[in-house]
Amino acid sequence: MSTTNTEPSSWRAAACTVTPVPSVHRLLTPAEDVARGFQGSPKRLPPKYFYDDHGSRLFDRICDTPEYYPMRTEARLLAESARAVMASVQPDCILEMGSGTSRKTEHLLQAAEQANAQPVYWPFDVCDSIMTSAAERLCGRFPWLTIHALVGDYGAGLDHLPRPPGRCLYLFLGGSLGNFEPEESARVLSEIASHMGPDDRLLLGVDRVKDRSVLEAAYDDAAGVTAAFNRNVLNVLNHEVDADFEPEAFAHEAFFNEAQSRIEMHLVSRRDQRVQVGALERVYDFPEGERLHTEISRKFTPASIADELARAGLVMDEHYQPEDGAFSLVLAAPQQ
Ligand code: AVJ
């Protein structure tokens with residue numbers, strides 16, 4: 001007779017450790033980000049300010065709109081290719097950059113389970129509360145799973161990121177690489193590459209260039225969820241830097257910039273207005289029509305993906321894509 005292993009889930013939660021990862025570079029404070037971003041023309045903001053609690057919920061709702069295809073396309077692609085990825089890499093551990101709720105990761109863990117493998121999961125994210133509740137859910141679904149949660153910001157350098165033992169599958173999903181300018185994404189990818197051993201692999205998810213109308217609709221859904229997500233960044237600023245933005249006094253705009261192959265989101269001032277930023281003890285004028293550039297989301301081709309990888313010292317091993325080429329999952333290896 002076999003012994004049953006049915007420890008209560010509260011015990012299983014102890015199989016999850018949480019480790020802070022110190023930043024290498026000092027991150028700018030919100031006031032510094034605003035002072036710097038508002039100096040330029042157009043005024044700009046780093047995209048991380050979208051994701052307060054409300055913004056993260058709005059992003060989840062964006063993923064439920066019929067227009068926003070990237071999330072569900074990537075999830076479907078991952079479900080379809082998980083077995084192949086796990087068979088090809090056979091990882092001892094899975095280290096995920098920006099793991100969030102780890103929803104898509106379940107496909108890989110399920111494929112591991114079906115192959116009788118038990119990789120250790122190392123989620124890495126800025127938000128420890130979302131990571132901890134994701135860990136509880138995962139431990140419930142996969143009783144064999146050990147989780148080493150890492151709390152930190154992958155944008156702040158990876159020098160202090162622990163190196164998990166054995167062969168490691170790095171995950172960088174969700175198309176978030178596209179939110180970085182080419183110089184920044186090259187830096188982030190290079191840092192991941194230099195963290196990797198020769199047998200390690202990176203699974204990268206990026207969105208693809210396609211029909212302008214499809215791209216633009218994805219960032220300007222009919223129900224206005226993306227518009228609310230974009231304007232919410234002004235509520236975040238009101239809170240973070242003691243500003244007095246009126247979100248409704250700005251219009252949401254999203255368009256495909258073909259020359260730079262990226263969606264741009266802007267907030268456009270609807271009238272002449274002046275905004276106070278308490279933390280900087282200064283005011284900023286937003287004449288009617290003036291823009292605040294809030295996000296870029298780069299769209300790739302197979303050639304530009306290969307290029308992006310090459311600049312970081314990585315080569316494409318496998319390429320998983322749907323028939324219409326709407327999204328790419330690439331498995332990349334360090335250049336030998
Ligand atoms: C989560 C960063 C991949 O760029 O498509 C969705 C964020 N912005 N709608 C993206 C987003 C507007 C999203 N990423």
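A short tour of the structure in this document, coming up. None of the values given here were measured: they were computed from a predicted structure. Numbering of residues starts from 1 in each chain and follows the order in which that chain's sequence is written. Only residues with pLDDT of at least 70 are given local features in this predicted model, and only at 80 or more are side-chain atom pairs given and counted; all residues enter the totals for whole chains, interfaces and linings. Just so you know, side-chain values use all the structure's heavy atoms and leave hydrogens and water out.

### A short note on the nonpolar core
Quick note on the threshold: Only buried Ala, Val, Leu, Ile, Met, Phe, Trp, Tyr and Cys residues count toward a nonpolar core, and they belong to the same one when joined by side-chain atoms within 4.5 Å. Accessible area is worked out with a 1.4 Å probe on protein chains only. A residue is then buried under 20% of its type maximum, exposed over 50%, and partly exposed in between. Only DSSP runs of H or I covering at least 4 residues are called helices, and only runs of E covering at least 2 are called strands; the numbering of each starts at the N terminus. We call two residues contacting when some pair of their heavy atoms lies within 4.5 Å.
F38, L45, F245 and F286 are the most contacted members of the largest nonpolar core, which totals 35 residues. Every element with two or more residues in this core is listed here: α2 (30–37), α3 (53–64), α8 (212–218), α9 (225–240), β8 (250–257), β9 (262–269), β10 (273–277) and β11 (282–286). With 6 residues, the single largest contributor to this core is α9. Setting aside its immediate chain neighbours within four residues, F38 contacts K43, R44, L45, L237, F245, Y284, F286 and L292. Of all hydrophobic cores here, the second largest spans 31 residues; its members include C16, A112, L138 and F327.

### Here's the deal with the side chain of S102
Convention followed: In protein, a polar contact means a hydrogen-donor-capable atom and an acceptor-capable atom, both N or O and within 3.5 Å, with residues adjacent in sequence counting only if both atoms are side-chain atoms; elsewhere, any N or O pair within 3.5 Å suffices.
Inspection of the secondary structure assignment puts S102 in the loop between β3 (93–97) and α5 (105–114). A polar atom in the side chain of S102 sits 2.9 Å from the side chain of Y121. The residues contacting S102, other than those within four sequence positions of it, are E96, Y121, A134, R137 and L138.

### Some details on the layout of surface pockets
For clarity, the cut-off: Cavity means a closed set of points on a 1 Å grid over the protein atoms alone, one where a 1.4 Å probe fits but cannot get out, pocket means an open set with protein on both sides within 12 Å along at least 5 of 7 lines, and lining means a residue has an atom within 4 Å of a point. Grid points are joined across faces, edges and corners, and a volume is the space filled by probe spheres set on the points. Under the scheme applied, nonpolar residues are Ala, Val, Leu, Ile, Met, Phe, Trp, Tyr, Cys and Pro; charged residues are Asp, Glu, Lys and Arg; polar residues are all the others, including Gly.
One number sums up the size of the second largest pocket: a volume of about 220 Å³. Taken together, 15 residues line the second largest pocket, and the ones lying closest to its centre are P182, Q260, S261, R298 and F300. At the level of secondary structure, the elements contributing two or more residues to the lining of the second largest pocket comprise β12 (291–298) and α10 (302–311). In terms of residue count, α10 provides more of the lining of the second largest pocket than any other element does, 4 residues in total. Broken down by class, the residue content of the lining of the second largest pocket amounts to 4 nonpolar, 4 polar and 7 charged.

### Quick word on the site of the ligand
Heads up, the rule is: One heavy atom suffices: a residue is near a molecule or strand as soon as one of its heavy atoms comes within 4 Å of it.
The ligand sits among Y51, F59, I62, Y68, G174, G175, N179, Y219, F229, M265, E295 and S297. Y219 has a polar side-chain atom sitting 2.5 Å from an oxygen atom of the ligand. Between the ligand and the protein, one listed contact pairs a nitrogen atom with a side-chain N or O atom of E295 at 2.8 Å. Put simply, the parts of the chain that give the shell around the ligand at least two residues each are α3 and β12.

### Describing α2
In plain terms, the rule: By construction, the arc corresponds to the directions joining the helix axis to the C-beta atoms.
Inspection of α2 places A31, D33, V34 and G37 among the buried residues, and these make up the whole buried set. Projected onto a plane normal to the axis of α2, the buried residues spread over an arc of 160 degrees and lie on a single side. On its buried face, α2 is in contact with β2 (43–44), α9 and β11.

### Concerning helix α6 (residues 128–141)
Here is the rule we go by: Under the convention used throughout, the expected extent of a helix is 1.5 Å for every residue step, that is, one less than its residue count.
The terminal C-alpha atoms of α6 lie 20 Å apart, and with 14 residues this matches the ideal 20 Å at 1.5 Å per residue to within 8%. Of the positions making up α6, those classed as buried are M131, A134, A135, L138 and C139. Axial view of α6: buried residues confined to an arc of 135 degrees, hence all on one face. In α6, those exposed residues whose orientation departs by more than 90 degrees from the buried face are E136 and G140.

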